[in-house]
Amino acid sequence: MNRALRTARVRRARAEDAAGILALEQHFPGDRMSARSVRHLLRAASACVRVACLDGAVVGAVILLLRRNSRWARIYSVAVDPRWRGLGIGRRLVLAAEADARRLGRDGVTLEVREDNAAARALYENLGYRIDAVLPGYYEDGAPGIRLRKPFAPPLRSGR
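What you are looking at is a predicted structure, and each value in this text was computed from that prediction instead of being measured.

1. Looking at the packing of helix α2 (residues 18-25) against helix α3 (residues 35-43)
Where α2 contacts α3, the two axes come as close as 10 Å, and the packing angle between them is 130°. What the angle tells us is that α2 and α3 run oblique. In the crossing of α2 with α3, the sense of the turn from one axis to the other is right-handed. Seen from α2, the contacting residues are A18, I21 and L22; seen from α3, they are A35, V38 and L42. Of the residues belonging to the contact of α2 with α3, the class tally is six nonpolar, no polar and no charged.

2. A few points about the pattern of salt bridges
The tally for this structure, following the rule as stated, stands at 13 salt bridges. As a salt-bridge pair, R11 and D17 come within 2.7 Å of each other at their nearest N and O atoms. Neither R11 nor D17 differs from the other in exposure class; each is buried. Measuring nitrogen to oxygen at the nearest pair gives 2.7 Å for the salt bridge that ties E112 to R74. Here the residue E112 occupies a position in strand β5 (residues 108-114), and R74 occupies one in strand β4 (residues 72-80), the gap between them amounting to 38 residues.

3. Some remarks on the sheet that holds β4
Across the sheet, seven strands lie side by side as β1-β2-β3-β4-β5-β7-β6; this open sheet has mixed pairing. Two strands close off the open sheet at either side, each with one partner strand: β1 (9-12) and β6 (130-135). Strand-to-strand twist in this sheet, taken as the mean axis angle between neighbours without regard to direction, amounts to 25°. Of the strand pairs in this sheet, strand β3 (residues 57-66) and β4 are connected by seven bridges, and their pairing is antiparallel. Bridge assignment links L65 to a residue of β4, and that residue is R74. α3 contacts β2 (47-54), β3 and β4 of the sheet and is inclined by roughly 105° relative to β2.

4. Comments concerning unusual backbone geometry
Backbone geometry places D55, a non-glycine residue, at a positive phi of 55°. Structurally, D55 is set in the loop between β2 and β3. Taking the relative accessible area as the measure of exposure, D55 reaches 63% and is therefore exposed.

5. Considerations on the side chain of E98
Mapped onto the elements of the fold, E98 is located in helix α4 (residues 89-103). By relative accessible area, which is 1% here, E98 ends up buried. There is a polar contact of 3.0 Å between the side chain of E98 and the side chain of K150. Excluding its chain neighbours within four sequence positions, the residues that come into contact with E98 are V109, Y129, K150 and F152.

Criteria and thresholds
Residues numbered from 1 in each chain as written. Predicted model: local features only at pLDDT ≥ 70, side-chain atom pairs only at ≥ 80, totals over all residues. Heavy atoms only, no water. Axes fitted to C-alpha atoms, helices over the stretch in contact; angles between N-to-C directions. Helix = DSSP H or I, 4+ residues; strand = E, 2+ residues; numbered from the N terminus. Parallel < 35°, antiparallel > 145°, perpendicular 65-115°, else oblique. Left-handed = near helix turned anticlockwise from the far one by under 90°. Contact = heavy atoms within 4.5 Å. Nonpolar A, V, L, I, M, F, W, Y, C, P; charged D, E, K, R; others polar. Salt bridge = Lys/Arg side-chain N within 4 Å of Asp/Glu carboxyl O. Buried < 20%, exposed > 50% of the residue type's maximum accessible area, 1.4 Å probe, protein only. Pairing = 2+ DSSP bridges. Polar contact = N/O pair within 3.5 Å; in protein donor to acceptor, adjacent residues only side chain to side chain.

Next comes the structure, spelled out in C-alpha cells:
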C-alpha cells in the first residue's frame, strides 16, 4: 500500500485548518475561495468540510454544501496538493463527503467540474457520477463546466 494512503487521515476540518485549505486553493487556475469564505464554511451548519492530513499537514480538502430546501448535497470543492495527486486521496475525500450526505439523509450528490479536467472527470465517473448538464462559460475564465450527479440507492427495507 502506498505511504500516502496508509498514513493520510481524513477527518472533519477545524478552524485551524483554514490556512491549509487556503493553500490548496492556490492550485486552482481561478474561482478560488477567499479566507473569509473558508472561515465561514468551517463554521456553517450548511456545510461539511473534511481534510486529508499527512504528517500533520493538510494535503487535501472537500467541501460539501447542504441546502435547506434540497434533498441533494453538493460538492463545492475538492482539492489535493499536486505533490499528492494520483494516490487516492481525492477519492477518499469524495467518499467521505458522500458518507456525510447519506448520514444527513440526502438523496445523492451533485457537483460541477471543468470540462477540461480529465483527471477529476475520470475520478467522478469511476465513483458513479454521470453528466446531468453541460454548462457553457461556467468558470470565471470562460471555460465550460459539467454538472455531474450521483443518486444514492434507496435503503433496503425489510418486509414482514
